[in-house]
Amino acid sequence: MKKFILVALLSLSVSVFAQKEIKEGVMTTKVTMSSDNEQVNASFAMIGDIGATTHFKGNKARTEQTNQMTGTQTSIVDQEAEKMLMLMDVPMMGKKYMKQDTKKSEEELKDVTVTANGESKTVAGYDCKGYDVVSKVNGQEIKMKMFVTDKILAQEQYTAMLGGKLKGFPLHMVISMNQGGMAMDITMEVTEVKAESVPDSKFDMTVPEGYTEMVIPKQ
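The structure displayed is predicted, hence computed values, not measured ones.

(A) Here's a closer look at the overall build of the chain. When helices and strands are tallied, the chain shows four helices and 12 strands. Out of the 219 residues in the chain, the part that is buried amounts to 35%. Contacts in the chain between residues far apart in sequence, at least 24 positions, make up 51% of those at least 6 positions apart.

Next comes the structure, spelled out in structure tokens:
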């Protein structure tokens, strides 16, 4: 009985600690991909899970994801400056970068809808509320199901592009899209969150040497 009470108290203390607000730290994320197309699914299986690490500090965040087959992708968001930098070092494509404004015009925000779906989920020790998000990127509709916490006070590249329509940080997210007639889902789930000091150099938006700009035509 005493052992049971000790375990219960330890579990409670871990849960209470996890619910504290965090403004600065590091989190790890697991990214998986799936499709309704068997050939595409086979390709995704060869790629396997993709690991991502996010450093966050106030209005800034840096996410790096690496995989042997897909290369390295880094996104840096500075919501105070309303800017985002994406760096890609991908096999067969080389080193590319894109700079974007995160601020959306009223016209662009007409294509963004955020709806609370009444669902909830506990992710990495945090209580999260569910939201359904629909937006358009370069003319293509993208649907996202997000489970969001208000305890991590930071920015994130997907919510930054929603023009303030969604408050909080998503710890579990499913992105659904259709490319070339094939439906695919990208699932991202945070597995660990650590509060620790993050140097400002992590959020430097200077484009490294050797990268060339990638321009995506507007549709």
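(B) Up close: the pattern of salt bridges. One pass over the structure, following the stated rule, counts six salt bridges. The salt bridge partner of Asp 101 is Lys 83, with a shortest N-O separation of 2.6 Å. Residue Asp 101 is located in strand E6 (residues 94–101), and its partner Lys 83 is located in strand E5 (residues 83–90); the two are separated by 18 residues in the primary sequence. Asp 101 sits in the partly exposed class, given a relative accessible area of 46%. Overall, Lys 83 belongs to the partly exposed group, its relative accessible area being 38%. One continuous salt-bridge network, built from bridges that share partners, spans Glu 24, Lys 57 and Asp 200.

(C) Local environment of the nonpolar core. Counting 21 residues, the largest nonpolar core has Met 144, Met 146, Leu 162 and Ile 175 as the members making the most contacts within it. Of all the secondary-structure elements, those providing two or more residues to this core are helix H2 (38–47), strand E2 (50–57), strand E9 (140–149), strand E10 (169–179) and strand E11 (182–195). Looking at this core, the element that brings in the most residues is E9, giving four residues. Beyond its immediate chain neighbours, meaning those up to four positions away, Met 146 contacts Lys 129, Gly 130, Tyr 131, Val 133, Tyr 158, Thr 159, Leu 162, Leu 166, Pro 170, His 172 and Met 173. Of all hydrophobic cores here, the second largest spans 14 residues; its members include Val 123, Tyr 126, Ala 154 and Leu 171.

(D) Quick peek at the pairing of E10. Judged from the seven bridges that link them, E9 and E10 form a sheet pairing that is antiparallel. Looking at E10, one finds that Phe 147 is bridged to His 172. Bridge count for E10 against E11 is eight bridges, and the pairing is antiparallel. In the strand pairing of E11, Gln 179 is matched with Met 182.

(E) View of the packing of aromatic side chains. Scanning all chains against the criterion turns up one aromatic pair. The ring centre of Phe 147 lies 5.8 Å from the NZ or CZ of Lys 121, which sits over that ring.

(F) Layout of the pairing of E11. The pairing of strand E1 (residues 24–35) with E11 spans 11 bridges and is classified as antiparallel. Looking at E11, one finds that Thr 29 is bridged to Val 190.

(G) Up close: the side chain of His 172. Following the sequence through the fold, His 172 ends up in strand E10. The exposure class of His 172 is buried, given its relative accessible area of 11%. Apart from residues no more than four positions distant in its own chain, His 172 is found in contact with Lys 121, Val 123, Lys 145, Met 146, Phe 147, Thr 187, Met 188 and Glu 189.

Calculation notes
Within each chain, residues carry numbers counting from 1 in the order of the written sequence. Selection of residues for local features in this predicted model requires a pLDDT of at least 70, selection of side-chain atom pairs for listing and counting requires 80 or more, and totals for whole chains, interfaces and linings are taken over all residues. Water and hydrogen atoms were dropped before computing side-chain values, which therefore reflect all heavy atoms in the structure. Only runs of H or I of at least four residues qualify as helices and only runs of E of at least two qualify as strands under DSSP, and these elements are numbered from the N terminus. Working definition: with a 1.4 Å probe on protein chains only, accessible area under 20% of the residue-type maximum means buried, over 50% means exposed, and in between means partly exposed. Throughout, a residue-residue contact means that at least one pair of heavy atoms, one from each residue, lies within 4.5 Å. Counted as salt bridges are all cases of a side-chain nitrogen of Lys or Arg within 4 Å of a carboxyl oxygen of Asp or Glu. In this text, buried Ala, Val, Leu, Ile, Met, Phe, Trp, Tyr and Cys residues form a nonpolar core when linked through side-chain atoms within 4.5 Å. Pairing between strands is defined by DSSP: at least two bridges between the two strands are required. For this analysis, a ring pair means two rings from Phe, Tyr or Trp (six-membered ring only for Trp) whose centres lie within 6.5 Å, classed as stacked if their planes differ by under 30 degrees, edge-to-face if by over 60, and tilted for the remaining angles. By the criterion adopted, a ring carries a charge over it if an Arg CZ or a Lys NZ lies within 6 Å of its centre and within 35 degrees of its normal.

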